Amino acid sequence: MTFDPAVVAAVTAHMNDDHPEDNLLIARAFGHPEATAARMTGVAAGHGTWSVSGPQGVHELVVPWAGGPIADRPQIRRAVVMLYRAACERLGVPARQEHDAVPGGAHPHPHGSPGGAPHAAPHGGKGDAEPGFARRLREATWSDHGDSEGATFMTDIMRGRGTLADYTDLVAQHWFMYEALEEAAGMLSADPALAELHPEGLRRMAALELDLAHLRGPRWRAAIAALPATAAYAERIRRVAAEGWTAGIVAHHYTRYLGDLSGGQVIARRAAAQFGFDGAGVAFYDFAELGDPAAFKGRYRAVLDAFGATLGDAEQARMLAEVRVAYRFNTDVFLDLGAARAA
């Protein structure tokens, strides 16, 4: 069994962006006790692979799945979690509580998990007793990850089967989403406690317009229209903003932007290679002005943790529900794109 390269890229990006300490625990437990860093590099039916750095240099580590070979994508997350648990047991580290019950069909989001935070102490110490709020936001959609399997439009783009017209249609829908989102994000920029969530380098509208001019020509605005799911998505964001519901704006902001900074980079590499883009065409995914993406995501999650601490239980629950709403809208847009292509 060989997994599609796009699936492997999404899984490894998720593990390396959102679970670096888990990678390190696995490396230390299965052959490299003095490892200082580890990155997941591959997924196969019988094992996972990591590149491990330590005092003796860089080595490849191949670890068989604890539960035996896997045959399909929904089994990947279960296999990784079981390996993580086995590593914790070997090292005497308490496993995280969120993995006490592993959803059978859950797996990393095909377009990249939006958020994430360190989970286990990198030197084998005890992890946090309570998860940070950023982590809770990321986990809010774990049970929904199988829902996007019907969105074959996006899968085709990630596998290099989508056409240039398909990719252009996706960029056009992004323009309508971000028009609403960046209007709403003005409320975050005006709040000193949340301004770091939306620096100038994160803004996407200028990049989207550059891409659309490249893809559709100078009269691109007259050539694009929002699909029903996209229009509903934008309307939801505007309604949340009109209510002055800051937590709701953050929920949509987090779902979109951290996804773009994670799995979105896989899409950019695929489109650039397939269509020969260099700058214009994939400018939307270029966040060079932010500096180190991992450092920015770390700061973003720290702000989310601090913001979550100011919310009561009911407001936290409402915000977590809105993250799931945003995720669902995102998937609905992919489904609409697929339906429009079929028509």
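In what follows, the structure referred to is the one given above.
Residues numbered from 1 in each chain as written. Predicted model: local features only at pLDDT ≥ 70, side-chain atom pairs only at ≥ 80, totals over all residues. Heavy atoms only, no water.

Student: For the overall build of the protein chain, give the residues involved together with the corresponding values.
Tutor: Across its full length, the protein chain carries 13 helices and three strands. Evaluated residue by residue, the protein chain yields a buried proportion of 53% over its 343 residues. Sequence separation of at least 24 residues holds for 73% of the intrachain contacts in the protein chain that already meet a minimum separation of 6. (Helix = DSSP H or I, 4+ residues; strand = E, 2+ residues; numbered from the N terminus. Buried < 20%, exposed > 50% of the residue type's maximum accessible area, 1.4 Å probe, protein only. Contact = heavy atoms within 4.5 Å.)

Student: Can you break down the packing of aromatic side chains residue by residue, with the values?
Tutor: Tallied over the entire structure, the rule returns 10 aromatic pairs. Pairing Trp175 with Phe176 gives two aromatic rings, centres 5.1 Å apart and planes at 90°, and the pair type is edge-to-face. For the pair Trp175 and Phe176, one class covers both residues: buried. An angle of 80° between the planes, with centres 4.8 Å apart, marks the rings of Phe284 and Tyr285 as edge-to-face. For the pair Phe284 and Tyr285, one class covers both residues: buried. It is Arg204 that lies over the ring of Phe287; its NZ or CZ is 3.9 Å from the centre. The ring of Trp245 is capped by Arg318, whose NZ or CZ atom sits 3.5 Å from the centre of that ring. (Phe/Tyr/Trp six-rings, centres within 6.5 Å; stacked < 30°, edge-to-face > 60°. Lys NZ or Arg CZ within 6 Å of the ring centre and 35° of its normal.)

Student: Account for the nonpolar core, naming residues and giving values.
Tutor: Counting 70 residues, the largest nonpolar core has Leu137, Tyr167, Leu170, Trp175, Tyr178, Val250 and Met319 as its most contacted members. With 11 residues, helix H6 (residues 164-184) is the single largest residue contributor to this core. Excluding residues within four positions of it along the chain, Tyr167 makes contact with Ile157, Leu215, Ala271, Phe275, Phe277, Gly281, Val282 and Tyr285. Residues Val7, Met40, Trp65 and Val80 belong to the second largest nonpolar core, which totals 25 residues. (Core = buried A, V, L, I, M, F, W, Y, C linked by side-chain atoms within 4.5 Å.)

Student: If you had to explain H6 to someone new, which residues and values would you point to?
Tutor: Over its 21 residues, H6 extends 30 Å from the first C-alpha to the last, a length consistent with the 30 Å expected when each residue adds 1.5 Å. A large share of H6 lies buried, amounting to 16 of its 21 residues. (Expected span 1.5 Å × (residues − 1).)

Student: Give me the sheet that holds strand S2 (residues 47-54): which residues, what numbers.
Tutor: Two pairing modes exist for strands in a sheet, parallel and antiparallel, and in both the strands are linked by backbone hydrogen bonds. If you trace the three strands from one edge of the open sheet to the other, you get S1-S2-S3, paired in antiparallel fashion. Two strands close off the open sheet at either side, each with one partner strand: strand S1 (37-43) and strand S3 (57-64). Strand-to-strand twist in this sheet, taken as the mean axis angle between neighbours without regard to direction, amounts to 25°. The sheet contact formed by S2 and S3 spans eight bridges and is antiparallel. Across the sheet, the residue bridging to Gly54 is Gly57, located in S3. Sheet strands in contact with helix H2 (residues 20-29) are S1, S2 and S3, and its direction is about 90° off that of S1. (Pairing = 2+ DSSP bridges. Axes fitted to C-alpha atoms, helices over the stretch in contact; angles between N-to-C directions.)

Student: Could you give an account of the packing of H6 against helix H13 (residues 313-342), naming the residues involved and the relevant values?
Tutor: Following both chains from N to C, one finds H6 and H13 inclined at 140°, their axes separated by 11 Å at the closest point. As far as their axial angle goes, H13 and H6 are oblique. Handedness of the crossing formed by H6 with H13: right-handed. Counted together, Asp166, Asp169, Leu170, Gln173 and Met177 of H6 and Val333, Phe334, Leu337 and Arg341 of H13 form the full contact between these two elements. (Parallel < 35°, antiparallel > 145°, perpendicular 65-115°, else oblique. Left-handed = near helix turned anticlockwise from the far one by under 90°.)

Student: Could you give me a rundown of the pattern of salt bridges, with the residues and numbers involved?
Tutor: Tallied over the entire structure, the rule returns 12 salt bridges. Note that Arg318 and Glu243 form a salt bridge whose closest N and O atoms lie 3.6 Å from each other. Within this pair, whereas Arg318 is found in helix H13, its partner Glu243 is found in the loop between helix H9 (228-242) and helix H10 (246-261), the two being separated by 75 residues in sequence. Beyond isolated ion pairs, a larger network of salt bridges with shared partners links Asp156, Arg161, Asp166 and Arg341. (Salt bridge = Lys/Arg side-chain N within 4 Å of Asp/Glu carboxyl O.)

Student: Now, about the environment of Pro199: what can you tell me, with residues and values included?
Tutor: Note on placement: Pro199 falls in the loop between helix H7 (186-189) and helix H8 (205-216). Between the alpha carbons of Pro199 and Ser189 there is a distance of 7.6 Å; along the sequence they are 10 residues apart. If we skip the residues at most four places from it in the chain, Pro199 touches Leu290 and Phe296.

Student: How would you explain the side chain of Arg204 if you had to name every residue and give the values?
Tutor: Along the chain, Arg204 falls in the loop between H7 and H8. Of the side chains with opposite charge, Glu182 lies nearest to the buried Arg204, which makes no salt bridge, at 5.5 Å. A polar contact of 3.0 Å, which involves the side chain of Arg204, links it to the backbone oxygen of Leu202. Setting aside anything within four residues of it in sequence, one finds Arg204 in contact with Tyr178, Glu182, Tyr257, Ala283, Phe284, Tyr285, Asp286 and Phe287. (Lys, Arg positive; Asp, Glu negative; His and termini not counted. Polar contact = N/O pair within 3.5 Å; in protein donor to acceptor, adjacent residues only side chain to side chain.)

Student: So, the side chain of Arg256: which residues are in play, and what are the values?
Tutor: Checked against the element boundaries, Arg256 lands in helix H10. On the accessibility criterion, Arg256 (7% relative accessible area) is buried. Reaching out from Arg256, the side chain makes a polar contact with the side chain of His174 at a distance of 3.5 Å. Setting aside residues up to four positions removed in sequence, Arg256 forms contacts with His174, Met177, Tyr178, Leu181, Tyr233 and Asn330.

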